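Structural features, examined
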Amino acid sequence: MTLDWETVDRLARAGDDAGVATLLISAGEAERRAFFKTVEAGIKAVDPASLWRLQANPAGGYAIAVLGTAPTAQRASALLTRRILRDHWRWMPTAHLLAVAAARGLDWLGDLGHRLAQRLPTRDVWESSEWEFVAAVIRAGGAEPPVIEGVVRGWLAGLIGPRASRRRPVPLTTRMREDPYLDLILPSLFEIDGLGAVIFNSGWSDGSDDPATVARFPGATAALVAEGRLDRKTILAATVDRLTRGDKPNALRPFAVLHDCLAPTVDEIAEYAPDYLRMLAEGPGPLAALAQTALRILDDHGRLDLDLLLDTSAPVLIRKEKSLVKAQIAWLEKVARRDPGRVGEVTVAISGGFGHPALDIQERALAVAAGHLPVLGPETVARIAAESTLLAGDLTARAAELFGTTVAVADRPVALVAVEAAPMPAPITSAAELAEEVVVLLHDQTGLRWERVLDALVRLHADSDRESLTAALAPVLERHEAWFRDSTWNPCSPFIALGTAMFMATVPLPARDNNLLRLQMAVRAAWQEGRRGGDDSRLPTDPFGVLVLRTAEIAVHINGAMMPMLVATPTRVNGSVDPAVLLERLSRAEAEGWQPWPFDLEQALLRLPRTGVDPAVTAGAAALTSPAGRQFAQWLASGGLPDPVSEPFLQLMDANPISDAPVRRRMAVRLRPSRDGGLRLERQLLTHEPEKHPAWWPNEFDGIESVLTMVLPHHREVAAAWAIAGQATLADQNRRGNGVLLPCLAECTGPVGPGLAYALAYTLAAKQETDRASALDAFLALAAGTEPFAPAVGAALADLAADSTIKLSRVIPVLADAHRAGASGAVWEVLTAALPPLLTTKLRAVPDLLELATQIAVTGNLHAEIPGLSEAAAQPGTSRLVQESKRLHTILTTP
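Here the residue numbering is sequential within each chain, running from 1 through the sequence in written order. Totals for whole chains, interfaces and linings use every residue, but because this is a predicted model, local features are given only for residues with pLDDT of at least 70 and side-chain atom pairs only at 80 or more, for both listing and counting. The side-chain figures draw on all heavy atoms in the structure; neither hydrogens nor water molecules are used.

1. Regarding the overall build of the protein chain
Put simply, the test is: Secondary structure elements are defined from DSSP: runs of H or I of at least 4 residues count as helices, runs of E of at least 2 residues count as strands, and each element is numbered from the N terminus. Any residue under 20% of the maximum accessible area for its type is buried, any over 50% is exposed, and the rest in between are partly exposed; the area is computed with a 1.4 Å probe on protein chains only. Only heavy atoms matter for contacts: two residues are in contact if any of them lie within 4.5 Å across the pair. Under the convention used here, Asp and Glu are negative, Lys and Arg are positive, and both His and the chain ends fall outside the count. Working definition for charges: the position is that of NZ of Lys, CZ of Arg, CG of Asp or CD of Glu.
Along the backbone of the protein chain there are 51 helices and 2 strands. Its C-alpha atoms give the protein chain principal-axis dimensions of roughly 100 × 95 × 50 Å. By the burial criterion, 54% of the 895 residues in the protein chain qualify as buried. For the protein chain, restricting intrachain contacts to residue pairs at least 6 apart in sequence, the fraction spanning at least 24 positions comes to 74%. Taking the average location of the 88 positive side-chain charges in the protein chain and that of its 105 negative ones, the two points are 4 Å from each other.

Written out as C-alpha cells, the structure is:
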C-alpha cells in the first residue's frame, strides 16, 4: 500500500492498528521521515467531533503513524499530547507502537517517555492504563521513569487499584516484591500529600473495617520490611515523617496502620521522640493517641525527658479529644506518684486542664490538683490558684473554697444589636456597566445582582438610544449564546427570558421567535390563571419562578408602551421595598400616565414590610387614583399578605430506595394559603406539598438562595419551607454549601415557624464547618431580633437528634459559640426545650448539652425547672449523664 495520509486515516478509522504498523514498517526510513509533516498536518486537521460516530477508535492508528514518522522525541511528544490522542492513552496499542519504534531503531524513546510522563494526570487516578503506556515507552528506551506525582499516582494505581485487583489474584506482597520500580517510587508515596487517601480508598473499597482488609498496603509493606526486601530504618523514618507532617485524616490512616504493623521498639521510639511529641500536641486525634501510646512506652522504660513531657502537656490538655486528655491527666498523675520530687511541676501542668471547655475534664484536673495540695509549696499553690480562674460552671465556687480565693464576678454578657438590612447599592448607570454585570450574573446568581440587571435593562432601554445599548449587549448575547437560547439543559432558566429581553431591547426578535412565543404563553397563563408551569408554561412553579416570570414579563412588554422603571426594585439588600419609595414610584407613574406591569407591581407589594408603615404613606396611597395606586392603598389598608399555614411534614424512606445510602426520615414542611383570592402570585407561592419520601440530593435552590429569600422578604417562613430539603442534606447527607441560605433568612423578617426552625436545626448539625458557621451567624441575628424562635429550634433539635437523624455532637459547639457571643438567653431557651425529650435517650452528647446548660445557668444565675432533670439526677450510678444532671439540678435549685 502507498504511504499516504488517506490510507493511514482510512486504516486508523477502521481500527486496523496492525495495518498502520505494517504500512510504516514496510516503508524506508527516509520515506517515513519525509511523511511526518503530512501526518502532523493530517492529525491537526481531524475534527474530534467526527470521531464519536466511528465504531473503532482511530487514536491508536494515529499514534502509530506519529511514532513511525517523527524525527525527534520533541516532535512526537507534541502530537501525542494533543487532546485527540492524549484522551486515548489508556487504549493505546502498545505492542504495535513499540514494533514500529524497534523497526526504526529509535534512540530517543526514553526521552519521549519522560516527556509523556509530564502529562500524566495528578488527580482522580483510579486506574493505571495511561501510566502503563508511558512506562512501556520508557522501558523500551532503556530509561527509568521520572519520580514525579503523575508517575507515582499511576504506578500506585497499577499496584493497588481496581484494575490491578481484577487482573490476577496475585498477593499484593508478591506484586510489590516483583515490581521493578518499587525502590525508586515507593519513597515518594510518603512524600507526596494526598497519596495516603488513594491507598485508603483502595484498601477500604468494600466498606469493611476488618484490619485484614484495610491493611492491604501497610501489611504488605511491613511484610517486605520483615523479610529484608525493604530497609526497616528507611520505611520507619518515612512513616514517622509522614505522620508528623500531617495530611487529611483518611490520607494518614494507612500510614498509621503501617506504623502499628512495624511496631517500633523502645530504641526506635526514643530516636523519634521529638516527632511523637509534636504529633501528640498538634496531630489529628488518632495520631495523637498513637503518639501518646508510644511515648508512654518510652516513659515506662525511663527514657522520656520529663521536662519535654510537661511542656507538651500544655497543648494536649486543652485538645477537644476528651479521651486523650483524660489519658494525659492519668499519665501525669502516675508520673507524680513515681517522682515525688517533681509533684509540684506535674500538678501545675495538670492545672492546664482547667482551660478545657468540658466541665468533666476541668473537674478531673481540679480533683487531681486538690489531692496534691497538702504537699505543695505556697508558690506552687498560688500558680494553680491563678489557673483556677479558667474554670467554669460550679467549679469556680469549688475552686474558690479550695484555694481560699474569691469568686470572680462574671463579665456582663455582650449585648446583641439587631442590624437592619443594608440599602441597595447604587443603580447601574451605563450600557457598558450593564453588560459587565450580565456576564458576572451568568456565573454568580444573586438576588441583588438580578434586581440591578433587570432594573438597569428597563431604565436604560427607556433613557438611552438603542444603538449604544446594542453596542454593549450584542457581544454578550453573541459570546454567551448558549446561556440565552432554549435547550434541554436549561428549559426553565431565567437566562432564556433575560436573553430574549436583551434581544428585544436591542435588535428585536421576529414575532414568531420560539423563545418569545413560549414566554408570551407563560405570561398569559400566569395572568389568566395565576399559574406557572404546565403544558403552556415552562416557568418553575417554586418561588424562583417569580423571578423568571418577571423577567419574561419584561421580554414580552419591553417594546410595548414605554416603561421608564420597575416599581419592584428593592430598596434593601434583603429584598424589602420601602413603602414611601413605592408611593413615590406609583405617584410618578400616575403623573406621567403609565401603569407598572402587573407582576412587577405584585412583586413590589409582596416586598412591603408587614408593620410600621408611616401613616403619611398610607394617606398618600389613599389619594392615588390610578389602578396601581388603588391596589397599593388597598394592600396597605388590609395589612398586606397574611401568614400562610405552615405545618411539619414527616417524610419516610421509600421501601425500595434508589440510593446506596438512603435517608431514613426527614422533616419537611407543608404550606397552604390562609385566605382565598389575593394576588395572582400568591397561591402558588404559599402552596407547597412535600413528596411522600425524602428526595435524594435536592438542589432546587443551590446557588440562588438570595433570589429565593428576596421574593417574600417579610415572610421568611415561606422560603424556609420551600428550601428545607436542601438544608436537611447538610446533616443527613453531609452535603456542603447550602448553609448560606440561613443568614439570608435571618436578614429577612416574619414569624419563625417549623420551616425555619427545622432548617436552622439541620444547619446547626451540618457536617461542614462553613455551613455551621452560617447557622451561627443566623442564630445570632435571630437572637438580636424580636421574633421568638429558640423554643421551636430546641424542639426541632430534640426531634431530629432523638433517633440520630442528626448528630447532636455537631450542634453543641455552635451553641457554645453563640453563648460566648452574647446569645445566652436564646441558647438557654433552646436547651430547656431540647433537654426534656433528650434526657430519656442514650445519646452520648446529652451530657455535653447538660454541661453547656450548667455554664449558662452559672453565668446568668438562673433558677428554673427543667422537666425530667430531677429524675435523671436521681438515677443510680456514676455515668456522666447522671453526674451532669446532678450538677445542673443543684445549680438550678440552690438559692
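Back to the write-up after that little detour.
2. Some points on the nonpolar core
Generally speaking, nonpolar side chains in soluble globular proteins are found buried as a group. What counts here: We call a set of buried residues a nonpolar core when its members are Ala, Val, Leu, Ile, Met, Phe, Trp, Tyr or Cys and they connect through side-chain atoms within 4.5 Å of each other.
By size, the foremost hydrophobic cluster in this structure holds 154 residues, and its most contacted members are Leu434, Leu457, Leu498, Phe632, Phe779 and Leu808. The contacts of Phe632, once residues within four sequence positions are left out, are Pro579, Leu582, Leu583, Leu586, Leu605, Leu608, Val617, Ala621 and Leu624. Formed by 132 residues, the second largest nonpolar core is a distinct cluster that contains Val8, Leu159, Ala220 and Ala288.

3. Side note on the environment of Cys748
Within the secondary structure, Cys748 sits in the loop between helix H43 (741-747) and helix H44 (754-764). In this structure Cys748 comes out as buried when scored by relative accessible area, which is 3%. A C-alpha to C-alpha distance of 5.8 Å links Cys748 and His714, two positions 34 residues apart in sequence. Other than its neighbours up to four places away in sequence, Cys748 contacts Asn574, Thr709, Pro713 and Arg716.

4. Considerations on the pairing of strand S2 (residues 665-672)
To keep it simple, the criterion reads: Here, strands pair whenever DSSP counts at least two bridges between them.
A large share of S2 lies buried, amounting to 6 of its 8 residues. By the bridge criterion, 8 bridges tie strand S1 (residues 645-652) to S2 in an arrangement that is antiparallel. Residue pairing in the sheet places Pro648 in a bridge with Val669 of S2.

5. Some remarks on the packing of aromatic side chains
Our working definition: Between 30 and 60 degrees the pair is tilted, below 30 it is stacked and above 60 it is edge-to-face, where a pair is any two Phe, Tyr or Trp rings, Trp via its six-membered ring, whose centres lie within 6.5 Å. Should the NZ of a Lys or the CZ of an Arg lie within 6 Å of a ring centre and within 35 degrees of the ring normal, that charge is described as sitting over the ring.
For the structure shown, the criterion picks out 9 aromatic pairs. The interplanar angle of 20° and the centroid separation of 5.6 Å between the aromatic rings of Trp5 and Tyr62 together place this pair among those described as stacked. Of this pair, Trp5 sits in helix H1 (residues 5-13) while Tyr62 is found in helix H5 (residues 59-67), placing the two residues 57 residues apart along the sequence. The pair formed by Trp5 and Tyr62 is uniform in burial state, with each residue classed as buried. Ring geometry for Trp696 versus Trp697: centroids 5.7 Å apart, planes at 35°, classification tilted. When its relative accessible area of 40% is taken as the criterion, Trp697 is described as partly exposed. Each residue in the set Trp450, Trp483 and Phe495 is aromatic and connected to the rest through ring pairs, giving one cluster. Note that Arg86 overlies the ring of Trp89, its terminal NZ or CZ placed 4.1 Å from the centroid.

6. A few points about the confidence of the model for the protein chain
Here is the rule: Every residue carries a pLDDT, the predictor's confidence in it, which falls somewhere between 0 and 100.
For the protein chain, per-residue confidence averages 92 on the pLDDT scale, and residues scoring 70 or more make up 95% of the total. Within the protein chain, the lowest mean pLDDT, 39, falls on helix H16 (residues 211-214), and the highest, 98, falls on H44. Taken as a whole, residues 204-214 scores under 50 in pLDDT and shows 12 contacts with residues more than four places along the chain or in a different chain.

7. Concerning the side chain of Ser626
Following the sequence through the fold, Ser626 ends up in the loop between helix H38 (615-622) and helix H39 (627-638). In this structure Ser626 touches Glu590 and Gln595, once residues within four positions along its chain are discounted.

8. Focus: the pattern of salt bridges
Under the convention used in this document: The rule for a salt bridge is simple: a side-chain nitrogen of Lys or Arg has to be within 4 Å of a carboxyl oxygen of Asp or Glu.
Per the counting criterion, the structure on display carries 61 salt bridges. In this structure, Glu363 engages Arg398 in a salt bridge whose closest nitrogen and oxygen atoms are separated by 3.0 Å. Highlighted residues: Glu363 in helix H26 (residues 359-372) and Arg398 in helix H28 (residues 395-403), separated in sequence by 35 residues. Given the relative accessible area of 22%, Glu363 is considered partly exposed. Classification of Arg398 as partly exposed rests on a relative accessible area of 36%.

9. Observations regarding the environment of Val325
For Val325, the position within the fold is in helix H24 (residues 322-338). Distance in space between the C-alpha atoms of Val325 and Leu586 is 67 Å, their sequence separation being 261 residues. Residues contacting Val325, with those up to four places away along its chain left out, are Val316, Leu317, Arg319, His356 and Ile361.

10. Brief notes about the layout of surface pockets
Keep this limit in mind: Using a 1 Å grid laid over the protein atoms alone, points where a 1.4 Å probe fits but cannot get out form a cavity; open sets with protein on both sides within 12 Å along at least 5 of 7 lines form a pocket; any residue with an atom within 4 Å of a point counts as lining. Grid points are joined across faces, edges and corners, and a volume is the space filled by probe spheres set on the points.
Of the voids in this model, the second largest pocket is the one considered here, and its volume is about 790 Å³. Along the walls of the second largest pocket sit 31 residues, with Val419, Glu420, Glu747, Cys748 and Thr749 positioned nearest its centre. Residue assignment for the lining of the second largest pocket shows that the elements contributing at least two residues are H43 and helix H45 (769-784). If one sorts the elements of the lining of the second largest pocket by residue count, H45 sits on top with 4 residues.

11. Topic: empty space enclosed by the protein
This is how the line gets drawn: Only Asp, Glu, Lys and Arg are considered charged, only Ala, Val, Leu, Ile, Met, Phe, Trp, Tyr, Cys and Pro nonpolar, and every remaining residue, Gly among them, polar.
Counted according to the given criterion, the structure contains 2 cavities of 30 Å³ or more. Quantified by volume, the largest cavity comes out at close to 60 Å³. Elements with a contribution of two residues or more to the lining of the largest cavity: helix H30 (447-463), helix H35 (544-557) and helix H41 (705-711). The element best represented in the lining of the largest cavity is H41, accounting for 4 residues. Across the lining of the largest cavity, the residue classes tally to 5 nonpolar, 3 polar and 3 charged. Lining of the second largest cavity is provided by Leu67, Leu80, Leu97, Leu112, Leu116, Phe133 and Val137. Listed by contribution, the elements that provide at least two residues to the lining of the second largest cavity are helix H9 (109-117) and helix H10 (129-140). When its residues are assigned to classes, the lining of the second largest cavity shows 7 nonpolar, no polar and no charged.

12. Considering the packing of helix H22 (residues 285-300) against H24
Two packed helices can be described by the angle between their axes and the distance between those axes. Here is the rule we go by: For every element, the axis is a line fit to its C-alpha atoms; helices are fit only across the contacting stretch, and the angle between N-to-C directions ranges from 0 to 180 degrees. For classification, angles of less than 35 degrees are called roughly parallel, those exceeding 145 degrees roughly antiparallel, those between 65 and 115 degrees roughly perpendicular, and all remaining angles oblique.
Across the interface, H22 lies against H24 with an axial gap of 11 Å and an inter-helix angle of 10°. The orientation of H22 with respect to H24, classified from their angle, is roughly parallel. Across the interface between the two elements, Ala288, Ala289, Gln292, Leu295, Arg296, Asp299 and Asp300 of H22 pack against Leu324, Ala327, Gln328, Trp331, Lys334, Val335 and Arg338 of H24. Across the contact of H22 with H24, the residue classes break down as 7 nonpolar, 2 polar and 5 charged.

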